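Geometric and topological summary
What follows is each chain in one-letter form.
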Amino acid sequence: MGKHQPALLGGILIGVLSALPVVGALNACCCLWVVLGGMLTVYLQQQQKPEPVETADAVIGGLLAGLIGAVIMALVQALMVSITGPVTQQALQQALQDNPEVPAEAREMLLRLFSGQGVVLFVLAIAIPLYAVFAMLGSLLGLALFRKKTPPAPPAPSIQV
C-alpha cells in the first residue's frame, strides 16, 4: 500500500457515503461518515507499519481524507444537480414566491446561487474545511483506538566487574 493510499481510501468512504441521499443524512449527526473516514485512514496506516503511527502522519492522513471526501461528494452532487436541477430550481422559486418577506435582492441572489453549478461551489466552500477538520479529528480518535503500543526498551546489559 502506498503512503497516501489510506487517505485515498478514507476519502472515498467519506465522499461516497456522504453523497448518498439517505445514508448521507447520517452526516448531520456529528459528521459521522467524515469521522469514520478519518478513523479508517489511521487504521490502514497502522496496518502498514510494525511501529506505532506518528501523530503527524495521522493528522495529515485525516486532512487528506477529508479533502478527498469533500471533492468526491461535490462531484456526485454536481451530477445530481445536473439531473435534478430544474425540479430543485422550480421548488426553490416557489418557496421564495410563497414568502413575501424575502427582499427581491436576496431572492435573486439565492436563485443565482442555487442555479447550475453555483450550488456545487457553495457545497465545496462549506464541505472542504468542515470535512478536513472532522476527518482530522476522526484520525486522532482512530490513533487513540488503533495505534500499536511501543514495545518496552530492552534492558540495558549489566556490566559485571
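Being a predicted model, the structure only gives us computed values, none of them experimental. (Residues numbered from 1 in each chain as written. Predicted model: local features only at pLDDT ≥ 70, side-chain atom pairs only at ≥ 80, totals over all residues. Heavy atoms only, no water.)

**Quick word on the overall build of the protein**
Regarding its fold elements, the protein presents 5 helices and 0 strands. What you see in the protein, going N to C, is helices and strands ordered as α-α-α-α-α. Rg of the C-alpha trace for the protein: 22 Å, well past the compact-globule value of 15 Å for 161 residues, more than 25% over. Counting every position in the protein, which comprises 161 residues, the buried fraction comes to 32%. Counted over contacts in the protein with a minimum sequence separation of 6, partners at least 24 positions apart contribute 74%. On the protein, roughly 9,800 Å² of surface is accessible, and the fraction owed to carbon and sulfur atoms is 72%. Averaging the coordinates of the 7 positive side-chain charges in the protein and doing the same for the 7 negative ones gives two points 16 Å apart. (Helix = DSSP H or I, 4+ residues; strand = E, 2+ residues; numbered from the N terminus. Rg over C-alpha atoms; globule rule 2.2 N^0.38 Å. Buried < 20%, exposed > 50% of the residue type's maximum accessible area, 1.4 Å probe, protein only. Contact = heavy atoms within 4.5 Å. Areas by Shrake-Rupley, 256 points an atom, 1.4 Å probe, with all protein chains shown as cover. Lys, Arg positive; Asp, Glu negative; His and termini not counted. Charge placed at Lys NZ, Arg CZ, Asp CG, Glu CD.)

**A short note on helix α2 (residues 32–48)**
With 17 residues, α2 should reach 24 Å at 1.5 Å per residue; the first-to-last C-alpha distance of 25 Å fits that figure. Along α2, the residues that are buried comprise Trp33, Val34, Val35, Gly37, Gly38, Met39, Thr41, Val42, Leu44, Gln45 and Gln46. (Expected span 1.5 Å × (residues − 1).)

**Re the pattern of salt bridges**
A side chain of one charge can pair with a side chain of the opposite charge when the charged atoms of the two come close. One pass over the full model with this rule turns up 1 salt bridge. Between lysine 49 and aspartate 57 there is a salt bridge whose closest N-O contact spans 3.2 Å. Residue lysine 49 is classed as partly exposed on the basis of its relative accessible area, which comes to 25%. Classification of aspartate 57 by relative accessible area gives partly exposed; the value is 29%. (Salt bridge = Lys/Arg side-chain N within 4 Å of Asp/Glu carboxyl O.)

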